[in-house]
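# Observations on the three-dimensional arrangement
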Amino acid sequence: MNFNASAAPIFEVESPDQLLLNTSVVVALGNAYKLFEKTGQDLNNFNVHIAERKKENGEDENGVNTIGIAFTAKLPPGQKGLGNASKLGRSITYIASKTTGEILREQGSR
């Protein structure tokens, strides 16, 4: 399944209350969520960040640009520190193909 999305932006802000997601981002987000769900962690304790990863910061095995989908643990109210220094869960980033949405690999944090 090739969505020919390599040249298209992964998302566009159409208005302050509307976001247009590229098809491969939607597929990647669904795939990442299924994997995240298997960790048994509560999604309510996480923020989800989606970012295009350029060649200079994270290309896949074929040299094609990728999408990073990070589930970052929130800090408990009143706690300061790094995002991964949370008792609410373990942050995970999934790296997905920008053209298919297939998850290529996972990067965990503690």
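Note that the structure is predicted; figures quoted are calculated from it, not measured. (Residues numbered from 1 in each chain as written. Predicted model: local features only at pLDDT ≥ 70, side-chain atom pairs only at ≥ 80, totals over all residues. Heavy atoms only, no water.)

### Regarding the side chain of Ser97
Selection rule: Working definition: helices are DSSP H or I runs of at least four residues, strands are E runs of at least two. Numbering for both runs from the N terminus. Only protein chains enter the accessibility calculation, which uses a 1.4 Å probe; a residue is then buried when its area is under 20% of its type maximum, exposed when over 50%, and partly exposed in between. Identification of polar contacts relies on pairs of N or O atoms within 3.5 Å, with a donor-acceptor requirement for protein atoms, meaning one able to donate a hydrogen and the other able to accept it, and with residues adjacent in sequence counted only if both atoms are side-chain atoms. We call two residues in contact when some of their heavy atoms are within 4.5 Å.
With respect to the helices and strands, the residue Ser97 is situated in strand S5 (residues 92-97). The exposure class assigned to Ser97 is buried, which follows from its relative accessible area of 6%. A polar contact of 3.2 Å, which involves the side chain of Ser97, links it to the backbone nitrogen of Thr100. Contacts of Ser97, omitting those with residues within four sequence positions, involve Ile67, Glu102 and Leu104.

### Focus: a nonpolar patch on the surface
Note the threshold: Here a patch means residues that are over 30% exposed by relative accessible area and free of salt bridges, tied together within 9 Å if like-charged and within 5 Å if nonpolar (Val, Leu, Ile, Met, Phe, Trp, Tyr). Areas reported here follow the Shrake-Rupley algorithm with a probe of radius 1.4 Å; residue values treat only the protein chains shown as occluding. A pair is scored as a salt bridge if a Lys or Arg side-chain nitrogen falls within 4 Å of a carboxyl oxygen belonging to Asp or Glu.
A cluster of nonpolar residues, Phe11, Val13 and Leu19, forms a patch on the protein surface that exposes about 300 Å² of accessible area. Relative to the assigned elements, Val13 resides in strand S1 (residues 11-15). For Val13, a relative accessible area of 62% translates into the label exposed.

### Quick notes on the pairing of strand S6 (residues 103-108)
Note the cut-off: One bridge is not enough; two strands pair if DSSP finds at least two bridges between them.
Relative to S6, S5 runs antiparallel, the two sharing five bridges. From the neighbouring strand, Ala96 faces S6, where its bridge partner is Ile103. Count of turn residues in the S5/S6 antiparallel hairpin: five residues, of which Gly101 carries a positive phi of about 85°.

### Description of the sheet that holds strand S3 (residues 46-53)
This is how it is decided: Every angle, taken between N-to-C directions, lies between 0 and 180 degrees, and every axis is a line fitted to C-alpha atoms, over only the stretch in contact when it is a helix.
The strand order across the open sheet formed by four strands is S3-S4-S5-S6, and the pairing between neighbours is antiparallel. Edge positions in the open sheet fall to S3 and S6, since each of these has one partner strand only. The sheet shows a mean angle of 20° between the axes of neighbouring strands, direction not considered. With six bridges joining them, strand S4 (residues 66-73) and S5 adopt antiparallel strand pairing. Residue pairing across strands places Ile67 opposite Ala96, the latter belonging to S5. Where helix H1 (residues 23-37) meets the sheet, it contacts S3, S4, S5 and S6, and its direction lies at approximately 40° from that of S4.

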